[in-house]
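For reference, the chains in residue letters:
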Amino acid sequence: MAPRPRVDVNQQTAADMNAARSQTSISVQTVRNYLYGGQKVWDLRQRLEKILVQEPLFDKQHRDFLGRTDQYIRAAAIINRLTELRRIHGWSQEEYNTASSLLSEVVSITLHDVAFQPVFLGQGSPALMESYWDLVHEKGIQGCYLQTELGHGTNVARLETTSTYIPETQEFELNSPSLTSTKWWIGALGKSATHGAVQAKLILPNGKDMGPHLFFVQLRSLEDHKPLRGITVGDIGPKASGGMAAQDQGFARFDHVRIPRTNMFSKFAEVTIEGSYIQPPHAKLSYGGMMYIRATMIPSAGWTIAKAATVAIRYTTVRRQGELDAKGLERQVLTYPSTYYRLLPILSRAFVFIELGRYTIKALTQMQERLASRDTSLLPEMHALLCGLKVFVTTQGIIDIETARRSMGGHGYSAFAGLGRLYIEYLPSATFEGDNFVLDGQVVRAATKLCKAVLSSTSAVAELPLPSAYLRLLSTTSEAPPQVTASTWHDVRSVVLLLEWRAALMVKNFTQTPASGDVDANVNQRLARAITEAFVAAQVGEMINNLTNLPSEDARVVGCLYRLYLLTSAESALVDLLSVGLIRHTGAGDPTQDLRLAVKALCLEVLPNAIGLTDAFGFSDWSLDSALGVSDGRVYEALWKRVQMEPMNKYEVTPAYAPYIRPMLQRGQAAAQQKMKLKSRL
């Protein structure tokens, strides 16, 4: 047996990374610009990152060693410095937003930017904008969005906080009538925010409850930051697994707090001086702020998953373990089917969600433009779509980050890998801005309403909004479902159509279930996922068609990635596809095997470009903050360097030795000696 070659494993990591980059066939720059929407956007990010990395305060390598209070103080310092840099460099809103996203830090000002400020823009009356917008925009005040309560979250209609109009003084009186009406889980409320947009039940002078409305409320003094009279406010404490430690999620109670009538967000609904109520053009207009946040969660999920994919793919490219390859070296972990089968679909979802996010933001912008002219026609469908997409991308993102972490083996559990922090800070996204399991029901309700219209009238098909286009298949004039063969999985249109048929038939079957009929407990989750995946699949089909704008090789590789997304979506939908009869078991072998082999073939086609595709995300080592995801591949050096920063390693002998460890050892040694003496006497 030939002797194994002597290999410096540490040096081999750099060689493996260089080799992986050398076999990349795509233009990383071209694909990167495709993901970012152009060279101009990328140049902006690069220019801003060069400024940020020069700031010692923005160094990320020591934050894992900080306690919660120190993390909060550090975050406050970051906010202060970021706003200083904005003034120093004269950043536009786009530049400031980009700098904030580049920091990738959990900071309280984020809630001001994504929740509080959009409420002002979308629902503030001209008078309120005139009085406060400059303060909001310049961060002369810091805002938060107070909706969730101790007793109610997603069910906004049942919130208990009240805002009663008093015509004699032209004021609203906010009150927390019970313990469960306490505002809870409110980001930035605990210690930071000076003002808030408060969701409260509007009570008219005649006692009539008009349901939840938004009110602008000052919470703390602008002189000494103390809570104002009648307001009890504080932090709700540490979160699960120490996640989001720098964020001050808070509580607030109101004890008959008075605010001016003009502090109601009254762009659409209003209370007159006399106390009469002016109805909004649509009941869900007050959900505008939440819809904006949900829309931004789509691309955010894509970029978050992209970080997890980049770290895991880089590490498994340079990590060698197990079998020997043709050169006598241990095999690269990424080349094992069990690894690339897990990681490459994650990479595909990152690309899809980033591109899908662009569509979502554009669609929301169009809806908001119509709302400005009181056209609410797009609101119901946009609400249902964003509910479905929010559930889909966050559920998948949580799974993908953890899958990526586990693919790295034991080292993936180290904080220095970076994915533990990424996971625990992304985990709450399944709950905030609407619990995923609750939102599924809203998706299904909207779908069944449209389905009934299509089944009762062929003319309804022409009026279907784009996200519900799959329901066209239920028309008597539509094409038949595709016959599934081995070739189906190599045809994009057939796979898209199959996923659309799956949704259409599932919704139809549910809609036609008698009122007295029984349905399974998970029906909303199954239906909502099928509905959302049908829409996303159709969008991916369009993404593939639009790849003609890229050079041929770049288009081919990115196209493979999008096809991999479609096939793995079909694979995860196999139970549904079999249930509704779109795939049939004829008794001659496994009808799903062709699909699984097609997935494997696409993975092998994408694999040589895995590093190039992750490089296209453009993450710097500073941005990723991962010892296992370093660009040069020298993961063991990076991990060793991080370990030296551990505060416990400053002491050769731990301070715990003398008071605790030594007494225990001495007792044990004495007991052992006593036993030895007893044994020697026997």
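Everything below is about the structure shown above.
A. The overall build of the protein, seen in detail. For the protein, the helix and strand inventory stands at 21 helices and 13 strands. Against the 2.2 N^0.38 benchmark of 26 Å for 682 residues, the protein shows a C-alpha radius of gyration of 28 Å, consistent with a compact globule. By the burial criterion, 51% of the 682 residues in the protein qualify as buried. Contacts in the protein between residues at least 24 apart in sequence constitute 74% of all its contacts with a sequence separation of at least 6. About 31,300 Å² of surface is accessible on the protein, with carbon and sulfur atoms providing 54% of the total.

B. The pairing of strand 9 (residues 257-260), seen in detail. Only one face of strand 9 is buried, namely the one carrying Val 257 and Ile 259, since none of Arg 258 and Pro 260 on the opposite face is buried. Note that strand 3 (residues 171-175) and strand 9 share four bridges and pair antiparallel. If you follow Glu 173 over to strand 9, its bridge partner there is Arg 258.

C. How the structure looks around helix 15 (residues 552-572). Spanning 21 residues, helix 15 covers 30 Å between terminal C-alpha atoms, matching the ideal 30 Å at 1.5 Å per step. Among the 21 residues of helix 15, 16 are classified as buried, and the element is accordingly described as predominantly covered.

D. Inspection of the packing of aromatic side chains at higher detail. Tallying each qualifying case throughout the model produces 18 aromatic pairs. Ring centres of Tyr 36 and Trp 303 lie 4.8 Å apart, and the angle between their planes is 35°; on these two criteria the pair is classed as tilted. Pair noted here: Tyr 36 is in helix 2 (residues 28-36) and Trp 303 is in helix 8 (residues 288-318), with a separation of 267 residues, a long-range link. By relative accessible area, which is 7% here, Tyr 36 ends up buried. For Trp 303, a relative accessible area of 22% puts it in the partly exposed group. Connected via pairs of aromatic rings, a cluster forms that spans Tyr 36, Trp 42, Trp 303, Phe 351, Phe 617 and Phe 619. Seen from the ring of Tyr 96, Arg 86 lies directly overhead, with NZ or CZ sitting 4.7 Å from the centre.

E. Molecular detail of the environment of Thr 83. Position of Thr 83 relative to the elements: it lies in helix 4 (residues 68-89). The spacing of Thr 83 and Ile 293 is 210 residues in sequence and 22 Å in space, taken between C-alpha atoms. A polar contact is formed between the side chain of Thr 83 and the backbone oxygen of Asn 80, at a distance of 2.8 Å.

F. Region of interest: the packing of helix 10 (residues 379-407) against helix 11 (residues 419-426). It is at 9 Å that the axes of helix 10 and helix 11 come closest, and there the two elements cross at 160°. When the axis of helix 10 is compared with that of helix 11, the two are roughly antiparallel. The way helix 10 lies across helix 11 gives a crossing that is left-handed. Taken together, the residues of helix 11 that come into contact with helix 10 (itself represented by Val 393, Thr 394, Gly 397, Ile 398, Ile 401, Glu 402, Ala 404 and Arg 405) are Leu 419, Gly 420, Leu 422, Tyr 423 and Tyr 426.

G. Highlighting unusual backbone geometry. Positive phi values are uncommon outside glycine, yet Trp 185 reaches one of about 70°. Note that Trp 185 resides in strand 4 (residues 183-186). Phi at His 225 is positive, roughly 70°, even though this residue is not glycine. In this fold, His 225 is placed in the loop between strand 6 (209-218) and strand 7 (231-235). When its relative accessible area of 33% is taken as the criterion, His 225 is described as partly exposed.

Definitions and limits used
Residues numbered from 1 in each chain as written. Predicted model: local features only at pLDDT ≥ 70, side-chain atom pairs only at ≥ 80, totals over all residues. Heavy atoms only, no water. Helix = DSSP H or I, 4+ residues; strand = E, 2+ residues; numbered from the N terminus. Rg over C-alpha atoms; globule rule 2.2 N^0.38 Å. Buried < 20%, exposed > 50% of the residue type's maximum accessible area, 1.4 Å probe, protein only. Contact = heavy atoms within 4.5 Å. Areas by Shrake-Rupley, 256 points an atom, 1.4 Å probe, with all protein chains shown as cover. Pairing = 2+ DSSP bridges. Expected span 1.5 Å × (residues − 1). Phe/Tyr/Trp six-rings, centres within 6.5 Å; stacked < 30°, edge-to-face > 60°. Lys NZ or Arg CZ within 6 Å of the ring centre and 35° of its normal. Polar contact = N/O pair within 3.5 Å; in protein donor to acceptor, adjacent residues only side chain to side chain. Axes fitted to C-alpha atoms, helices over the stretch in contact; angles between N-to-C directions. Parallel < 35°, antiparallel > 145°, perpendicular 65-115°, else oblique. Left-handed = near helix turned anticlockwise from the far one by under 90°.

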